[in-house]
Amino acid sequence: MPENTYHTSVMLHECIDGLRIDPAGTYVDVTFGGGGHSKAILAKLGPEGRLFSFDQDPDAWEQAEKIEDERLTLITANFRYLEKYLRLHRVKQVDGILADFGVSSFQLDAPERGFSIRFDGPLDMRMGPSASMTAAELLNGYSATELQRILGMYGEVKNARTLAQAIIQARTRKPLETTQEFKEILNKLAPKHREFKYFAQVFQAIRIEVNQELAVIEEFLAQAPVVLKPEGRLVVMSFHSLEDRLVKNFIKAGNVEGKEDKDLFGVVHRPLESVIRKPITASEEELKINPRSRSAKLRIASKI
């Protein structure tokens, strides 16, 4: 598996195989990141092939600048605007779309981004400059009820109400500004011997709300069948159950709620059809090389 100082791509070969690439086709990588998947797609494309890659993160843009390939077009925007930007580039339909919803290793390991539970840094957590608020603004501005809601819904934090109250009490003394200050609150409430998991759940919840990640995925999924050609492939990798449930439901029923629209004959009307029986997970070999691949689930669908 190719190594990248920015990010190690999870299930790289499985993703590329899932796209079933036509050398002359047009493809979209909606999460460029460190460029691992995009480079692998370009390697499979012929001279007539085209790749459009989305990323809202300026750090990822720097990685894209290192790729000198006329077949690649980088779109510096959130992939919730998939259809809009493809239309701007006069592309109506594509042969395949790849989405990797994971946070890049670079983002996790850069203290100044505020994603990491290992390093002290500003409470930022924005995936890109277009995010409307930082983690600090959220933690210092949300009500106890709002904090409890996102901690419980997005982090499945069991003591969400108690933690929400603790955040309110702490910020009345001094606004929260750094990840270390936030972790000091969490330390008092984390279950013994499960501190790391607790921190990860809480940070995930805040990050999802800051970046409106689930809403973005819902908007993206609704657009994917519109821009895919018949039999075009949608390949999606999720890293937690909230994301995976949206993808699973959309493939199954054509909506993120998973409500099947059946006609009088019991036929389900949906735009996509799964091409694998169950989601693909990382091999034992990959898990040894990249432990962050443990939670990844890969789903592959074809446009009907």
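Nothing here was measured: the structure is a model prediction, and the numbers come from that model.

K.L.:
Even after reading the chapter, I still don't get the sheet that holds strand β6 (residues 272–274), so can you show me in this structure?
P.N.:
Pairing between the strands of a sheet comes from backbone hydrogen bonds, and it takes one of two forms, parallel or antiparallel. Spatially, 7 strands are ordered β3-β2-β1-β4-β5-β7-β6 in an open sheet, and the strand pairing comes out mixed. Looking at strand neighbours, the two that pair on one side only are β3 (72–75) and β6, the edges of this open sheet. When strand polarity is set aside, the average angle formed by the axes of neighbouring strands in this sheet is 20°. Where strand β2 (residues 50–54) meets β3, 4 bridges bridge the pair, whose relative direction is parallel. Note on β3: the bridge partner recorded for phenylalanine 52 is threonine 73. In this fold helix α12 (residues 241–253) packs onto β5 (228–238), β6 and β7 (297–303), with an angle of close to 25° to the strand it touches most, β7.

K.L.:
So what exactly am I meant to see when it comes to the nonpolar core here?
P.N.:
One finds Ile97, Phe182, Ile206 and Phe220 to be the most contacted residues of the largest nonpolar core, which totals 69 residues. Examining the composition of this core, we find that 8 residues originate from one element, helix α10 (residues 195–211), more than from any other. Among residues more than four places away in sequence, those in contact with phenylalanine 182 are Leu123, Leu139, Ile167, Leu176, Val202, Phe203 and Ile206.

K.L.:
Hey, could you run me through the UniProt feature "binding site: S-adenosyl-L-methionine" (unreviewed entry) in the protein chain in this one?
P.N.:
If you check UniProt for "binding site: S-adenosyl-L-methionine" (unreviewed entry), the listed places come out as Gly35, Gly36, His37, Asp55, Phe79, Asp100 and Gln107 in our numbering. In this fold, glycine 36 is placed in helix α2 (residues 36–44). In this structure glycine 36 touches Ser9 and Leu12, once residues within four positions along its chain are discounted. Positionally, aspartate 100 belongs in strand β4 (residues 94–100). Aspartate 100 gets classed as buried once you look at its relative accessible area, which sits at 8%.

K.L.:
Teacher, can you tell me more about the side chain of arginine 80 here?
P.N.:
With respect to the helices and strands, arginine 80 occurs in the loop between β3 and α4 (82–88). A polar contact of 2.7 Å, which involves the side chain of arginine 80, links it to the side chain of glutamate 219. If sequence neighbours within four positions are ignored, arginine 80 has contacts with Gln212, Ala215, Val216, Glu219 and Gln223.

K.L.:
When you look at the pairing of β7 in this model, what are you seeing that I'm missing?
P.N.:
Successive side chains on a regular strand alternate, one facing one side of the sheet and the next facing the other. Counting buried residues in β7 gives 6 out of 7 residues, a clear majority hidden from the surface. When β6 meets β7, the two strands line up antiparallel, connected through 3 bridges. The partner of serine 274 across the bridge, within β7, is alanine 301.

Conventions used here
- Residues numbered from 1 in each chain as written.
- Predicted model: local features only at pLDDT ≥ 70, side-chain atom pairs only at ≥ 80, totals over all residues.
- Heavy atoms only, no water.
- Pairing = 2+ DSSP bridges.
- Helix = DSSP H or I, 4+ residues; strand = E, 2+ residues; numbered from the N terminus.
- Axes fitted to C-alpha atoms, helices over the stretch in contact; angles between N-to-C directions.
- Contact = heavy atoms within 4.5 Å.
- Core = buried A, V, L, I, M, F, W, Y, C linked by side-chain atoms within 4.5 Å.
- Buried < 20%, exposed > 50% of the residue type's maximum accessible area, 1.4 Å probe, protein only.
- UniProt positions renumbered as here; feature names shortened; annotations may be inferred.
- Polar contact = N/O pair within 3.5 Å; in protein donor to acceptor, adjacent residues only side chain to side chain.

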